[in-house]
Amino acid sequence: MAKPMHPTPNLDQLESGPWPSFVTGLKRLAKDNDAAVDLLGHLEQSYKTRKGYWKGGTLGVVGYGGGIIPRFTEIKDEDGKPTFPDAAEFHTLRVMPPAGMHYDTGTLRKLCDIWVKHGSGLIALHGQSGDIMFQGANSENVQKAFDEFNEMGFDLGGAGPALRTSMSCVGHARCEQSCYDEAKAHHKIINAFLDEMHRPALPYKFKFKFSGCPNDCMNSIQRSDFATIGTWRDNMQTDEELAKKWFAANGMNTLVNTVINMCPTRAMQIKAAKDVAKGENITSVKLDDKQALEIDNKSCVRCMHCLNVMTGALQPGKDKGATILIGGKSVLKIGATMGTVIIPFFKLDKDEDYEALVELAGKVIDFFAENALEHERTGEMIDRIGLPAFLEGIEVEIDPNMIDRPRMNPYVNMGGWDEEVAKAEARKSAA
Amino acid sequence: MAQPQVRKPVEGFLDNKKFLHPKFAANYGKWKTHDRPRPGVLHHVSHSGDQVWSVRAGTQRQMDHYTIRKLCDIADKFGEGFMRFTIRSNVEIMVSAEAKVKPLIDELEKNGFPVGGTGNSVSMVAHTQGWLHCDIPGTDASGVVKSMMDALYDDFKKEEMPNRVRLSTSCCEINCGGQADIAVVVQYTKPPKINHDQVANICERPTVVARCPVAAIRPALVNGKPSLEVDEKKCVCCGACYPPCPPMQINDPEHNKLAIWVGGKNSNARGKPTFHKLVAAGLPNNAPRWPEVNAIVKKILDTYKADGRPWERMIDWIERIGWPAFFEKTGLPFTKYMIDDWRGGRNNLNASAHVRF
């Protein structure tokens with residue numbers, strides 16, 4: 001039995017309603033757990049005063065400079081004694097989950113056992129950083145908990161100015177749209193740069209995220225400095241049986257209104273089956289005996305919309321890889337930025353392709369480490385120095401896929417024009 | 001004296017293969033198509049003809065170990081011993097026979113885990129830590145989300161929206177919750193209150209000066225002590241100075257407000273990925289249930305549901321009807337604060353004669 005509960009009239013109101021309640025969960029913990037009793041008291045205080053009461057600090061495990069989020073209470077009496085002593089230290093361990101957040105029940109139970117032994121028993125699956133967040137250990141137990149998680153094969157994630165924990169989508173494990181082995185890329189990259197994760201020495205945080213197709217379920221374009229978004233460069237594939245089945249179930253109006261009309265580049269047409277164009281860039285599939293869908297793959301931007309609507313009937317091509325975008329981040333301090341294209345197509349098939357991705361990632365991290373100012377994200381750095389300087393630094397050639405449109409003002413010294421034309425000609429003849 | 005034995009850590013990101021459901025492992029990279037037999041259930045078919053059903057259910061994200069063990073019990077008894085989690089903290093339990101789907105759904109529902117969150121539903125809110133565990137929170141996160149999802153429970157369980165709806169909440173302006181169709185984000189409305197006695201001891205002043213996006217902070221001597229001062233005319237109340245310098249307190253029980261942003265999306269489907277846009281602000285930080293916020297979120301969703309066409313995401317719908325119609329249909333006031341005056345903001349003005357009447 002734990003100590004008596006603090007009154008929590010505000011939190012109690014979060015126990016009603018149909019959605020699972022974290023308060024009910026905390027109260028379950030509090031039955032035999034003094035830390036949970038005091039955590040509830042601590043949180044109730046915030047609800048009452050509408051203020052936060054945790055401060056950070058410095059705490060780590062042996063050999064690591066990051067991965068622990070220390071939290072010390074600021075609710076104290078006049079003598080400096082914590083009002084909620086059993087939650088006075090409530091640190092979080094950020095632990096990297098298996099890529100794709102897959103678990104067997106035995107592993108989850110064992111993680112729970114360790115966390116009950118050394119921590120509060122409260123676990124977030126998962127934090128916005130992509131970590132398992134084991135919330136609520138005191139300073140003494142952080143190392144003990146880590147040691148046991150580590151014995152299971154788990155390792156800490158990132159925090160502070162460092163490489164951060166990454167995320168990859170379910171992808172190859174269960175998705176027909178997957179254009180590369182997301183987990184493989186995820187593993188190779190994180191394992192190649194673990195030192196940057198565990199011993200923070202970068203100007204600021206650096207994040208990789210891996211999505212298997214342009215639906216970008218991992219939000220990589222916005223949430224990562226280095227986004228690897230699956231795509232293909234040959235023609236879309238089709239499955240006539242599934243296309244006919246879809247058309248029979250949905251009909252012409254739905255096809256026109258939700259597929260043809262919603263294509264952002266008007267790359268699709270309906271044609272009489274006998275009139276379908278031939279050509280190396282044309283994909284077509286019969287919808288019934290008379291009608292066919294014709295797709296001009298040269299106009300298609302791989303947005304995924306028609307593949308999402310006609311699942312399986314339209315499929316990614318065979319020549320698969322990823323588009324690499326750099327510089328996504330949230331608001332601080334120049335405003336939120338999306339990643340922008342630096343490699344339109346990066347082939348990802350054989351092992352050496354994945355090794356080449358690691359090599360590219362290394363160049364980007366090195367350039368960031370050497371050139372970013374303190375507390376400057378990759379996107380901000382590029383904003384400051386310009387994309388051409390960044391590309392030169394990582395030895396990537398310019399490409400018109402990197403822009404939405406060319407420059408619209410003349411305020412630049414173009415004295416080097418002839419040299420740049422020569423480079424453009426050289427790139428063309430090398431392609 | 002002998003040093004205590006120190007365990008040497010084994011560094012490495014573990015391989016995920018042994019955690020995969022056997023059907024996932026057997027058909028890795030070989031999936032052909034999928035359909036949704038009902039909301040909350042994904043049915044995937046591989047090129048070899050293998051099939052797997054994934055049943056998705058909502059959780060509270062911050063889970064006590066009893067809740068996780070309950071999910072394990074369900075996955076062992078009604079599933080096949082494996083589960084995974086989505087980016088929005090939904091659990092997915094997989095089975096390889098259709099007959100197992102219904103009993104699994106029933107068991108999840110019986111234990112309070114709502115089955116849904118697939119397709120054109122409103123999925124669980126991506127959210128942050130808030131008062132529970134953050135060191136700089138302007139509000140709570142789990143509580144806001146619990147209140148929102150109580151109100152959107154049916155929309156999670158049904159697939160009745162024009163397209164999928166992604167929500168997020170963030171407990172400060174850093175917006176860790178991320179871009180979303182509808183995002184609820186703390187908005188500070190007053191410059192920081194500075195405790196000049198503490199600045200010199202706690203803050204690295206040049207760092208704090210450099211952190212300000214509008215150069216409103218400068219070093220100053222206050223009461224004979226080195227401190228910092230803020231040009232309150234320039235200050236945009238973003239709170240960026242607060243994390244590196246806690247004596248520059250940005251949080252205030254009264255003046256922390258909540259703002260609502262719409263039309264963000266990360267997917268490339270149809271239009272390019274885009275950031276969410278401001279549509280409401282000044283909402284009170286009204287714990288424990290934030291009714292004013294929920295009322296507006298619900299109003300926006302109801303309007304979108306009634307007016308959006310199939311497959312239109314929130315932003316697709318708004319771009320079709322236009323922003324004036326959005327404000328008219330939702331009844332939300334359009335104020336000068338919605339006119340972007342940040343760097344590059346002029347690009348967000350209507351530089352055309354395209355006007356809907």
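Every residue gets a number counted from 1 within its own chain, in the order that chain's sequence is written. All chains are assigned letters beginning with A, and all ligands numbers beginning with 1, in the order in which they are written. At least 70 in pLDDT is required for a residue's local features to be given in this predicted model, at least 80 for side-chain atom pairs to be given and counted, and no such filter applies to totals for whole chains, interfaces and linings, which use all residues.

**Q** Any chance you could explain the interface of chain B and chain A here in plain terms?
**A** Many descriptions give the size of an interface as the accessible area lost when the pieces come together. Once C-beta atoms have been placed from the backbone, residue pairs whose C-beta atoms lie within 7 Å are recorded as contacts. Between chain B and chain A, the residue contacts involve 92 residues of the former and 100 residues of the latter. At the level of elements, strand E1 (31-38), strand E4 (62-64), helix H2 (65-77), strand E5 (82-85) and helix H4 (142-151) of chain B are the ones that each hand at least two residues to the side of chain B that touches chain A. Runs of H or I in DSSP of at least four residues are treated as helices and runs of E of at least two as strands, each being numbered from the N terminus. Ranked by residues supplied to the side of chain B that touches chain A, first place goes to H2 of chain B with eight residues. By the convention adopted, Pro, Cys, Tyr, Trp, Phe, Met, Ile, Leu, Val and Ala count as nonpolar, Lys, Arg, Asp and Glu as charged, and the other residues, Gly among them, as polar. Counted by class, the side of chain B that touches chain A contains 44 nonpolar, 29 polar and 19 charged residues. In this analysis, strands are considered paired if DSSP registers two or more bridges between them. Pairing analysis gives three bridges linking strand E6 (residues 122-125) of chain A to E4 of chain B, with the strands arranged antiparallel. Residue pairing across strands places Ala-124 of chain A opposite Gln-62 of chain B, the latter belonging to E4 of chain B.

**Q** Explain the domain arrangement of chain B to me, please; I cannot follow it from the model alone.
**A** Residue and element names in this part refer to chain B. As far as domains go, chain B holds domain 1 (17-110), domain 2 (130-189 + 253-340) and domain 3 (193-248). Listed by partner, the interface residues are four residues for domain 1 and seven residues for domain 2. A per-class count over the side of domain 1 that touches domain 2 returns one nonpolar, three polar and no charged. Where each domain begins and ends follows an automated or database-derived domain assignment.

**Q** Before we go on, may I ask you to explain the domain arrangement of chain A in this structure?
**A** Residue and element names in this part refer to chain A. Segmentation of chain A into domains returns domain 1 (9-151), domain 2 (167-233 + 319-430) and domain 3 (237-315). Taken together, the contact pairs eight residues of domain 1 with eleven residues of domain 2. Split by residue class, the side of domain 1 that touches domain 2 holds two nonpolar, six polar and no charged.

**Q** Would you explain the sheet that holds strand E12 (residues 268-272) of chain A in this entry?
**A** Within a sheet, adjacent strands bond to each other through the backbone by hydrogen bonds, running parallel or antiparallel. All names here are of chain A. Taking strand neighbours across the sheet as the criterion, the three strands line up as E12-E14-E13 in an open arrangement whose pairing is antiparallel. Every interior strand has two partners, whereas the edge strands, E12 and strand E13 (282-286), have only one. This sheet shows a mean twist of 25° between the axes of neighbouring strands, independent of strand direction. When E13 meets strand E14 (residues 291-296), the two strands line up antiparallel, connected through five bridges. Looking at E14, one finds that Ser-284 is bridged to Glu-294. Its contacts with the sheet place helix H9 (residues 240-260) against E12 and E13, and it is angled at close to 110° to E13. Axes, fitted as lines to C-alpha atoms, cover a helix only where it is in contact. Angles between the N-to-C directions of the axes lie from 0 to 180 degrees.

**Q** Please explain the packing of H4 of chain B against helix H8 (residues 291-307) of chain B as it appears in this structure.
**A** When two helices pack together, their arrangement is given by the angle between their axes and by how far apart the axes lie. Residues and elements named next belong to chain B. Taken N-terminus to C-terminus, the directions of H4 and H8 make an angle of 40°; their axes are 10 Å apart at the nearest point. Considering the angle they form, H4 stands oblique to H8. As H4 runs across H8, the sense of the crossing is right-handed. Across the interface between the two elements, Ser-147, Met-148 and Ala-151 of H4 pack against Asn-294, Val-297 and Lys-298 of H8. Looking at side-chain class alone, the contact of H4 with H8 contains three nonpolar, two polar and one charged residues. The cut-offs work like this: below 35 degrees is roughly parallel, past 145 is roughly antiparallel, 65 to 115 is roughly perpendicular, and the gaps in between are oblique. Left-handed describes a crossing in which the near helix is turned anticlockwise from the far one by less than a right angle; the clockwise case is right-handed.

**Q** I keep staring at unusual backbone geometry and nothing clicks. Help me out?
**A** Glycine aside, negative phi is the norm for most residues, and most peptide bonds take the trans geometry. Residue Lys-333 of chain A is reached from Leu-332 of chain A by a cis peptide bond, and omega for that bond is -20°. Note on placement: Lys-333 of chain A falls in the loop between strand E16 (320-326) and strand E17 (340-347). In the Ramachandran plot, Asn-219 of chain A falls in the positive-phi region, its phi being about 55° despite a non-glycine side chain. With respect to the helices and strands, the residue Asn-219 of chain A is situated in the loop between strand E9 (208-211) and helix H8 (220-223). Positive phi outside glycine occurs at Arg-270 of chain B, with the angle close to 60°.

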